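What follows is each chain in one-letter form.
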Amino acid sequence: MLGRSGPKSDTAEAVATLESCLHQVALGDRGAFDTVYQQLAGPVYGVARRVLRDPAQAEEVAQEVLVEIWRTAGRYDPARGTVRAWALTMAHARAVDRVRSVDASNRREARVAEMMTEPPFDDVVEAVEAHLDRQRVRHCLETLTDLQRQSVTLAYYGGYTYAQVARLLETPLGTVKTRLRDGLARLRDCLGVGA
Amino acid sequence: MTAIDPEIHALTGAYAAHALEPAEQAAFERHLERCPTCRQEVAELRETAALLASAAAEPPPARLKAAVDAQIAVTRQVPPIVTATPAPAPDRGAGRPRRRWVTALGWGLATGLAATVAVLGVRVADQQNQLDQANQRDAAMAALLAAPDTRADSVPVSTGGKGMVLASRSHDEAAIAINGLTKLPAGQAYQLWMIGPSGTRSGGVLPTGDNGTAGSVLARGLGDARTIGLTIEPSGGSAQPTTTPIMLLPMPV
């Protein structure tokens, strides 16, 4: 199975926990769902917010995705990746879908200024690991070429299609397609995913 | 019949980043069904993308949990897939303390790890005051996370486990979590140390959970500490370390 962070196996136990919890969730265990929520609500909400900008819409997407995790836990296939990737792929896809719907794009223009006060992560470990993830990702993004980094961040965090990225960067389509692939692959190697 | 675009393999990245137009996405998904190499690459790039998502993690509004709970209470699950050899699933969640911070910490840490809180230099966790402390700690954590100079680091503990720290000089605070420690025999305890040019001072004995392993600490008043140490001491702690440190965690700020 793909490790979430390969050589940095310090998260291996957390991954195992998420995997076994999801199995319990599939059997209707609300306590296990609380665990899954605890570990995934931050990144699910965070990625939706990064893509959509609007906290209210991010919250709606996060709610949909977290309920969907509950609903379809029994359909999760470990052969296709970790629970974290399964859940965050879903969160990112839904956020992107919203961005691309006309309704959302209109609302997106009128970006809600700044967040109201938020409760903290109530978990030191989650917080530390999120910080470490952030530091590692930031470091690894710096190892990419400018075009790779811009392509990856515009597509992933910006929610743009690669055709839109190509237009924004005034770069040929094929180049952006390739940079997205080799940029993500370089990130994968830098982050030790799947090692 | 449509000829297969030889460049279609190059779409793995755009696909993993959800950057394809719908028609192209559908075409690529058909291609995926007969390209195991592409499936493997997509899986890896999705794990990578998941780390981009993790790096964007933000605490959601507290009301989200209530909304999700209310909705799942009335949402029927699709039937679980029954496998020949179901993965062993520990009975987690049942019988745990329900206080939010305790459950959160316990769940955030590795399986079976219990956790308690001490605020160094202020007061040590006390069973009666846990809830107050949780509120106090939540506020402190929020401030710590919001500080622009907050940095994180982690190192392994030589006897097993991992030490993690999130620290800010401007806030003069560090959140320290020690995960997966080996259970100690009776009469021994783990003790934290703040080590700096002006000497070594105790960071307190790590609170011990039900199963002998222990959790996280919010340290206030970092002083000149450059390193967080961990030693095994007689229960109750020592004035100065009496054994070789099993962890030396550099203060990341």
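What you see is a predicted model; the values in this text were computed from it and never measured. (Residues numbered from 1 in each chain as written. Chains lettered and ligands numbered in written order. Predicted model: local features only at pLDDT ≥ 70, side-chain atom pairs only at ≥ 80, totals over all residues.)

Student: When you look at the overall build of chain B in this model, what are you seeing that I'm missing?
Tutor: Looking only at helices and strands, one finds six helices and nine strands in chain B. Here chain B holds 253 residues, and 41% of them are scored as buried. Restricting to contacts in chain B with at least 6 residues of sequence separation, those with at least 24 account for 60%. (Helix = DSSP H or I, 4+ residues; strand = E, 2+ residues; numbered from the N terminus. Buried ≥ 20, exposed ≤ 12 C-beta atoms within 10 Å, placed from the backbone. Contact = placed C-beta atoms within 7 Å.)

Student: Please explain the overall build of chain A as it appears in this structure.
Tutor: Along its length, chain A carries nine helices and zero strands. Walking chain A from its N terminus toward its C terminus, one meets helices and strands in the order α-α-α-α-α-α-α-α-α. Here chain A holds 195 residues, and the buried ones make up 54% of them. Long-range pairs, those at least 24 residues apart, make up 65% of the contacts in chain A between residues at least 6 apart in sequence.

Student: Would you explain the nonpolar core in this entry?
Tutor: With 107 residues, the main nonpolar core has A:Val44, A:Ala48, A:Ala155 and B:Val165 as its most contacted residues. By residue number, the principal contributor to this core is helix α2 (residues 30–52) of chain A, which donates 12 residues. Taken domain by domain, the makeup of this core includes at least three residues from each of domain 1 (6–117) and domain 2 (123–191) of chain A. (Core = buried A, V, L, I, M, F, W, Y, C linked by C-beta atoms within 7 Å. Domains from an automatic or database assignment.)

Student: How should the sheet that holds strand β5 (residues 188–196) of chain B be read in this particular structure?
Tutor: Adjacent strands of a sheet pair through backbone hydrogen bonds, lying either parallel or antiparallel. Residue and element names in this part refer to chain B. Judged by pairing direction, the sheet is antiparallel, and its four strands sit side by side in the order β6-β5-β8-β9 without closing on themselves. Edge strands, defined here as strands with exactly one partner in the open sheet, are β6 (199–205) and β9 (247–250). Geometrically, the sheet is characterised by an average inter-axis angle of 30° between neighbouring strands, direction not taken into account. Of the pairings in the sheet, the one linking strand β8 (residues 227–234) to β9 comprises four bridges and is antiparallel in character. Each residue of the ladder has a partner; that of Leu-230, found in β9, is Met-247. (Pairing = 2+ DSSP bridges. Axes fitted to C-alpha atoms, helices over the stretch in contact; angles between N-to-C directions.)

Student: It is not clear to me how the UniProt feature "domain: Putative zinc-finger" (unreviewed entry) in chain B should be interpreted in this structure. Could you clarify?
Tutor: UniProt's entry tags residues 7–39 of chain B with the feature "domain: Putative zinc-finger" (unreviewed entry), counted in the numbering of this structure. Between the end C-alpha atoms of residues 7–39 of chain B there is a gap of 15 Å, over a span that is 64% helix and 0% strand. (UniProt positions renumbered as here; feature names shortened; annotations may be inferred.)

Student: Looking at this structure, I do not really get the pairing of strand β4 (residues 173–179) of chain B. What am I missing?
Tutor: Across a regular strand the side chains alternate sides, sitting on one face of the sheet and then on the other. All names here are of chain B. In terms of burial, β4 is a largely internal element, seven of the seven residues being buried. Both faces of β4 are covered, namely the face carrying Glu-173, Ala-175, Ala-177 and Asn-179 and the face carrying Ala-174, Ile-176 and Ile-178. As defined by bridge partners, strand β3 (residues 162–168) adjoins β4 across seven bridges and the pair is classed as antiparallel. Counted as the bridge partner of Leu-166 is Ala-175 from β4. In textbook terms, the turn of a hairpin is the stretch between consecutive antiparallel strands, and for β3 and β4 this stretch comprises four residues, one of which, Asp-172, has a positive phi near 55°.

Student: When you look at helix α3 (residues 55–72) of chain A in this model, what are you seeing that I'm missing?
Tutor: A turn of α-helix holds 3.6 residues, and therefore any two residues three or four places apart point the same way. With 18 residues, α3(A) extends 25 Å between its outermost C-alpha atoms, agreeing within 8% with the 26 Å of an ideal straight helix rising 1.5 Å per residue. Among all positions of α3(A), only A:Pro55, A:Gln57, A:Ala58, A:Val61, A:Ala62, A:Gln63, A:Val65, A:Leu66, A:Ile69 and A:Trp70 are buried. (Expected span 1.5 Å × (residues − 1).)

Student: Any chance you could explain the environment of B:Ile195 here in plain terms?
Tutor: All names here are of chain B. Mapped onto the elements of the fold, Ile-195 is located in strand β5. Judged by the 21 C-beta atoms lying within 10 Å of it, Ile-195 is buried. Put simply, Ile-195 and Ile-228 are 33 residues apart on the chain and 6.1 Å apart in space, counted from C-alpha to C-alpha. In contact with Ile-195, other than residues within four places in its own chain, are Thr-200, Ala-225, Arg-226, Thr-227 and Gly-229.

Student: Just to check I follow, could you spell out unusual backbone geometry for this structure?
Tutor: Backbone phi values are negative for most residues with the exception of glycine, while trans is the configuration of most peptide bonds. Unlike most non-glycine residues, A:Arg53 shows phi in positive territory, near 70°. Here A:Arg53 is to be found in the loop between α2 and α3. At B:His18, a position not held by glycine, the phi torsion is positive, near 55°. Residue position: B:His18 is located in the loop between α1 (12–16) and α2 (22–33). We classify B:His18 as buried; it has 23 C-beta atoms within 10 Å.

Student: I'm lost on the confidence of the model for chain B in this one. Help?
Tutor: Caution applies to low-pLDDT regions: their predicted coordinates should not be interpreted in detail. All names here are of chain B. The predicted model of chain B averages 74 in pLDDT, with 69% of residues at 70 or higher. Confidence scores differ between elements of chain B, with helix α5 (residues 100–108) showing the lowest mean pLDDT of 29 and α1 the highest of 96. Contacts from residues 83–128, a stretch scored under 50 in pLDDT, to residues over four places away or in other chains number 108 contacts. (pLDDT = per-residue confidence, 0-100.)

Student: So what exactly am I meant to see when it comes to the environment of B:Leu248 here?
Tutor: Residue and element names in this part refer to chain B. Relative to the helices and strands, Leu-248 resides in strand β9. Considering only alpha carbons, one finds Leu-248 and Gly-229, 19 residues apart in sequence, at a separation of 4.6 Å. Setting aside anything within four residues of it in sequence, one finds Leu-248 in contact with Thr-227 and Gly-229.

Student: When you look at the packing of helix α7 (residues 146–156) of chain A against helix α9 (residues 173–191) of chain A in this model, what are you seeing that I'm missing?
Tutor: A pair of packed helices can be characterised by two numbers: the angle between their axes and the separation between those axes. All names here are of chain A. At a minimum axis separation of 8 Å, α7 and α9 run at an interaxial angle of 95°. Judged by the angle between their axes, α7 and α9 are roughly perpendicular. Residues Leu-147, Gln-148, Arg-149, Ser-151, Val-152 and Ala-155 of α7 touch α9, and the partners they reach there are Val-176, Arg-179, Leu-180, Asp-182, Gly-183, Leu-184, Arg-186 and Leu-187. Residue composition of the contact of α7 with α9, grouped by class: seven nonpolar, three polar and four charged. (Parallel < 35°, antiparallel > 145°, perpendicular 65-115°, else oblique. Nonpolar A, V, L, I, M, F, W, Y, C, P; charged D, E, K, R; others polar.)

Student: Explain the packing of α9(A) against helix α3 (residues 36–55) of chain B here, please?
Tutor: The contact between α9(A) and α3(B) brings their axes to 9 Å, and the two run at 75°. Between α9(A) and α3(B), the interaxial angle falls into the category roughly perpendicular. Of the residues in α3(B), those in contact with A:Leu184, A:Ala185, A:Leu187, A:Arg188 and A:Leu191 of α9(A) are B:Glu44, B:Leu45, B:Thr48, B:Ala49 and B:Leu51. Of the residues assigned to the contact of α9(A) with α3(B), the class counts are seven nonpolar, one polar and two charged.

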